Amino acid sequence: MSDVGSISIEDGIGVLTIDNPPVNALGLRARQALRDGFAQLTADDSVRAIVLICAGRTFFAGADISEFGKPIEQPDLAAVFGIVENATKPVIAAIHGTALGGGYETALVCHYRIAVPSAKVGLPEVNLGLLPGAGGTQRLPRVVGVEAALEIIGGGKPIPAKKALEYGMIDALAEEGKLREDAIAFAKKIVVERAPLLRVRDREDKIAPARGHPEIYADYLKKNARAFRGYKAPGNIAKAVEASVESPDFETGMTREHALFEELLNSTESAAQRYYFFAERETGKVPDVPSGTPTIDIVRVGVIGAGTMGGGIAMNFLNVGTPVTLVEMTQEALDRGIGVIRRNYEATAKKGRMTDAQVEQRMALITPALGLEALADVDLVIEAVFEEIGIKKDVFGKLDAICKQGAILASNTSFLDLDEIAAATKRPEWVVGLHFFSPANVMRLLEVVRGRKTSKEVVATAMKLAKAIGKVPVLAGVCYGFIANRIMRPYMTGADDLVLEGPTPPEVDKAIYDYGFAMGPFQMIDLVGLDVIGRGGNERTLGGDLVKRDRLGQKKNGGFYDYDERRNATFSPVAAEVIADLARHKGVENKGGLPADAIVARLLYPVVNEGAKVLQEGIALRASDIDVAAILGYNWPIYTGGPMFWADTVGLDKVVEGLRAMGIEPAEILVGKAKAGERFTR
Ligand code: 3H9
């Protein structure tokens, strides 16, 4: 047997243990071990039933994603599943950790499933742009019914064991920490009771009621249209589940599932999402800060500023039980900030996602304070004061005098020079940027900004800390705007320039929305507020001209759009006039409209170019970090893979040509890669 499998026999129950770290993915060696283990146990007459269990932190976490797109070596999953499902002795899957995707599909070819309460099961393939392609779409409806199967497969969320038991996804709960014993006991009971060898594939009771009801699938897709927009997988999932009900036999349904799976596997959307899966896990790796680098214990955190940003930052720590000293200048600001935090938690509790006691526990972790002196004993300070270099330097100078040695001094600046801020202290190696995105308690991106002198320990601590509070850390060097804000700037300014030339804001917004963003640039400006976005400078700009006419966006008089009482938007004639007037003033000729793909290229190629510069300058460690920053920081559609992956799919030579046609000089690295026929991403 392959070295990842081992067998033991206890009281007539054969236990096959698979140990394929880190997550027991069903790669070749795991599949071989399953094949060989089952051959051995079924041939052994002393074995009356088989328990399939995994060692390490989890049951099978799924097919090995890194094998996708390559020829699969035999035995493939289908072959292994055939062996398990047709075993002539009862097979019991014993689940801990997470049984996901191909992992849960493995459990579904067993005759029975038992799990510890902390386990989670599910079919998350949709998150990789796929569908469960090893029978999940055919077997799950047979245990939970069609509607529930659509929700589970289309939602892609892991289901906690208790809920899974209610659904019928598992048959029994084991005692926590006693999975092996309980699974063996369960197997013995099956043997004693001579329970029939029930194969999920033979069950009809749960799917029969759905037969002849094609509207179930259409309704499901319609109900989730917003969430599914742009994704290919949900449509195929609905078709595959429908096939489980409407096919003349199980095998026909399987054939249909396979075809729908293959179609997704070969799609750019899935390639992008699978790329993203690994990209997100790679951001934490910093080549010159290896995983064993010592880190600093963060027991108490200080946050300066209790406004929207500071409050949101504080919540991240309160959520994981870390006490926070929250500092403001006035009692009023402090009370207001703490009030907002409380209301946020209460709103969560109202939705049933927190108990009232938890609200109080988290609030009790806050120590309000009116002066920086209160930060003398914290292990990490995060400053979220007004974005002005003089103010920040002043704060850091004071922190240097107040904070204990060994405390990390972090700035949440979005654009300013971290090295200049660090230079205001005598301990620049302890200074780091922690750039949260708003709302800071929600957005998953955290740019960890490494100054020229930031120490490796501080970088390692920041990266670790980010994960502890549920963020995805992306390491950035010092430059104006770091990664996400910097690369997206040309997009915002480009949109303003573009409408002077002819395409209207609604045309631009539609092209960007159709590309996959939640909204276009002008819809976003109207939402955020023209005054907020800072368009009122000296030079005449569209935003500035609209603000002069008291059009501030949705909050006052409309902006680029007029809004009725139900917030329906129509392009504003005032905005049209302002655009025409500014074009005249700047001497820009109106060349008329543009096709959507030309609008997209015009606005997003410059983002790719800025990303290339960020890479070239070493601001980002790798192209995939830039994609993660764009996806998590700006909701760049994940199924395009982010700007750099998207550029690779478009073709770098085409991007270079497009940039030149716009009069933009492409970054050297971009030209070089285009010439060499290379890609930014794998
Ligand atoms: C599928 O099953 C298709 C079938 O229906 C049909 C087939 C025909 N493969 O996330 P972590 C690596 S699709 C390969 O940091 P955690 C991961 O890259 C699959 N590698 O740990 C990382 O590597 P490294 C459906 C995988 O504790 C390491 O393991 N299943 C896979 O935070 C640790 O991962 C899924 O979509 C994999 N399947 O979370 C589940 N999974 O150390 C995907 C992980 O080198 N996995 N790795 O950076 C997860 O959601 C999480 O990994 C899990 C653990 C919750 C299991």
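Computed from a predicted structure; not experimentally measured.

Quick look at the overall build of the protein
Within the protein, the regular secondary structure consists of 28 helices and 19 strands. Taken against the 2.2 N^0.38 rule, which gives 26 Å for 682 residues, the C-alpha radius of gyration of the protein at 28 Å falls within 12% of a compact globule. Classification of the 682 residues of the protein by burial places 47% in the buried group. Considering only residue pairs separated by 6 or more positions, the protein has 71% of its internal contacts joining residues 24 or more positions apart.

Here we look at the environment of tryptophan 636
With respect to the helices, strands and loops of the structure, tryptophan 636 is situated in the loop between helix H25 (623-634) and helix H26 (643-650). The exposure class of tryptophan 636 is buried, given the 25 C-beta atoms found within 10 Å. Residues tryptophan 636 and glycine 516, spaced 120 residues apart in sequence, show a C-alpha to C-alpha distance of 7.4 Å. Sequence-distant contacts of tryptophan 636, that is, excluding residues within four places in its chain, are made with Ala630, Ile631, Gly642 and Pro643.

Some points on the environment of alanine 460
Within the secondary structure, alanine 460 sits in helix H18 (residues 456-468). The exposure class assigned to alanine 460 is partly exposed, which follows from the 19 C-beta atoms found within 10 Å. Setting aside its immediate chain neighbours within four residues, alanine 460 contacts Val289, Thr293 and Thr295.

Observations concerning the sheet that holds strand E1 (residues 5-10)
Overall, mixed pairing links the 6 strands, which are arranged E1-E2-E3-E4-E6-E9 in an open sheet. At either end of the open sheet lies a strand with only one pairing partner, and these are E1 and strand E9 (172-173). Here strand E2 (residues 13-18) runs beside strand E3 (residues 49-54); their pairing, made up of 6 bridges, is parallel. Bridge pairing in E3 links glycine 14 to isoleucine 50. Set on the sheet, helix H7 (residues 179-193) makes contact with E1, E2, E3, strand E4 (91-95), strand E6 (112-115) and E9; between it and E3 the angle comes to about 160°.

A short note on the packing of helix H24 (residues 596-616) against helix H27 (residues 652-661)
Viewed as axis vectors pointing N to C, H24 and H27 meet at an angle of 110°, and their least axial separation amounts to 10 Å. By the criterion of interaxial angle, the relationship of H24 to H27 is roughly perpendicular. In the packing of H24 onto H27, the handedness of the crossing is left-handed. Each of Ala601, Tyr605, Val608 and Asn609 in H24 lies in contact with H27, whose residues at this interface are Val655, Gly658 and Leu659.

Looking at the site of the ligand
In the vicinity of the ligand there are 26 residues, among which Ala61, Gly62, Ala63, Gly101 and Gly102 approach most closely. Among the elements of the structure, strand E5 (98-100), helix H3 (102-109) and helix H12 (268-282) are those that each provide at least two residues to the shell around the ligand. Of the residues belonging to the shell around the ligand, the class tally is 14 nonpolar, 8 polar and 4 charged.

With respect to the pairing of strand E16 (residues 445-449)
With 5 of 5 residues buried, E16 is to be regarded as a mostly interior element. By the alternation rule, side chains of E16 split into Leu445, Glu447 and Val449 and Leu446 and Val448, which are all buried. As judged from the 4 bridges shared by strand E15 (residues 431-436) and E16, these two strands associate in the antiparallel manner. Paired with glycine 433 across the two strands is valine 449, which belongs to E16. Direction of pairing for E16 relative to strand E17 (residues 472-476): parallel, over a ladder of 5 bridges. Bridge pairing in E17 links glutamate 447 to valine 474.

So, the pairing of strand E11 (residues 324-327)
Here E11 shows two buried faces, one formed by Val324 and Leu326 and the other by Thr325 and Val327. The β-α-β motif built from strand E10 (residues 301-304), the intervening helix H13 (residues 308-319) and the parallel element E11 has right-handed crossover chirality. Pairing between E11 and strand E12 (residues 366-369): 4 bridges, direction parallel. Paired with valine 327 across the strands is alanine 369, a residue of E12.

Remarks on the UniProt feature "domain: 3-hydroxyacyl-CoA dehydrogenase C-terminal" (unreviewed entry) in the protein
UniProt annotation of "domain: 3-hydroxyacyl-CoA dehydrogenase C-terminal" (unreviewed entry) refers to residues 481-563 and 599-662 when read in the numbering used here. Along residues 599-662, the helical share is 75% and the strand share 0%, with 12 Å between the first and last C-alpha atoms.

Overview of the UniProt feature "domain: 3-hydroxyacyl-CoA dehydrogenase NAD binding" (unreviewed entry) in the protein
The sites that carry the UniProt feature "domain: 3-hydroxyacyl-CoA dehydrogenase NAD binding" (unreviewed entry) are, in the present numbering, residues 301-476. Note that residues 301-476 is 41% helix and 20% strand, and that its end C-alpha atoms are spaced 22 Å apart.

Regarding helix H4 (residues 136-144)
The element H4 is largely enclosed, with a buried count of 9 among its 9 residues. Within H4 the residues assigned to the buried category are Gly136, Thr137, Gln138, Arg139, Leu140, Pro141, Arg142, Val143 and Val144. In this structure, the buried residues of H4 make contact with H3, helix H5 (146-155), helix H6 (161-167), helix H10 (233-246) and helix H11 (250-265). Downstream of H4 by one or two residues, glycine 145 has phi in the positive range, about 95°.

Considering unusual backbone geometry
Geometrically, the link from proline 21 to proline 22 is a cis peptide bond, its omega value of 0° lying close to zero. Summarising the element assignment, proline 22 is placed in the loop between E2 and helix H1 (28-43). Omega for the peptide link from serine 438 to proline 439 comes to -10°, which places this bond in the cis form. The residue proline 439 is located in the loop between E15 and E16 in this model.

A closer look at the sheet that holds E16
In space, the 8 strands of this open sheet follow the order E12-E11-E10-E13-E14-E15-E16-E17, with mixed pairing throughout. The sheet is open, and its two borders are formed by E12 and E17, each paired with just one other strand. If you compare each strand with its neighbour and ignore which way they point, the axes differ by 25° on average.

Observations concerning the confidence of the model for the protein
Across the protein, the average pLDDT comes to 96, with 99% of residues at 70 or higher. Our summary of model confidence lists the complex with pTM equal to 0.94 and ipTM equal to 0.98.

The rules behind each value
Residues numbered from 1 in each chain as written. Predicted model: local features only at pLDDT ≥ 70, side-chain atom pairs only at ≥ 80, totals over all residues. Helix = DSSP H or I, 4+ residues; strand = E, 2+ residues; numbered from the N terminus. Rg over C-alpha atoms; globule rule 2.2 N^0.38 Å. Buried ≥ 20, exposed ≤ 12 C-beta atoms within 10 Å, placed from the backbone. Contact = placed C-beta atoms within 7 Å. Pairing = 2+ DSSP bridges. Axes fitted to C-alpha atoms, helices over the stretch in contact; angles between N-to-C directions. Parallel < 35°, antiparallel > 145°, perpendicular 65-115°, else oblique. Left-handed = near helix turned anticlockwise from the far one by under 90°. Near = placed C-beta within 6 Å. Nonpolar A, V, L, I, M, F, W, Y, C, P; charged D, E, K, R; others polar. Right-handed = clockwise from strand over helix to strand, strands pointing away. UniProt positions renumbered as here; feature names shortened; annotations may be inferred. pLDDT = per-residue confidence, 0-100.

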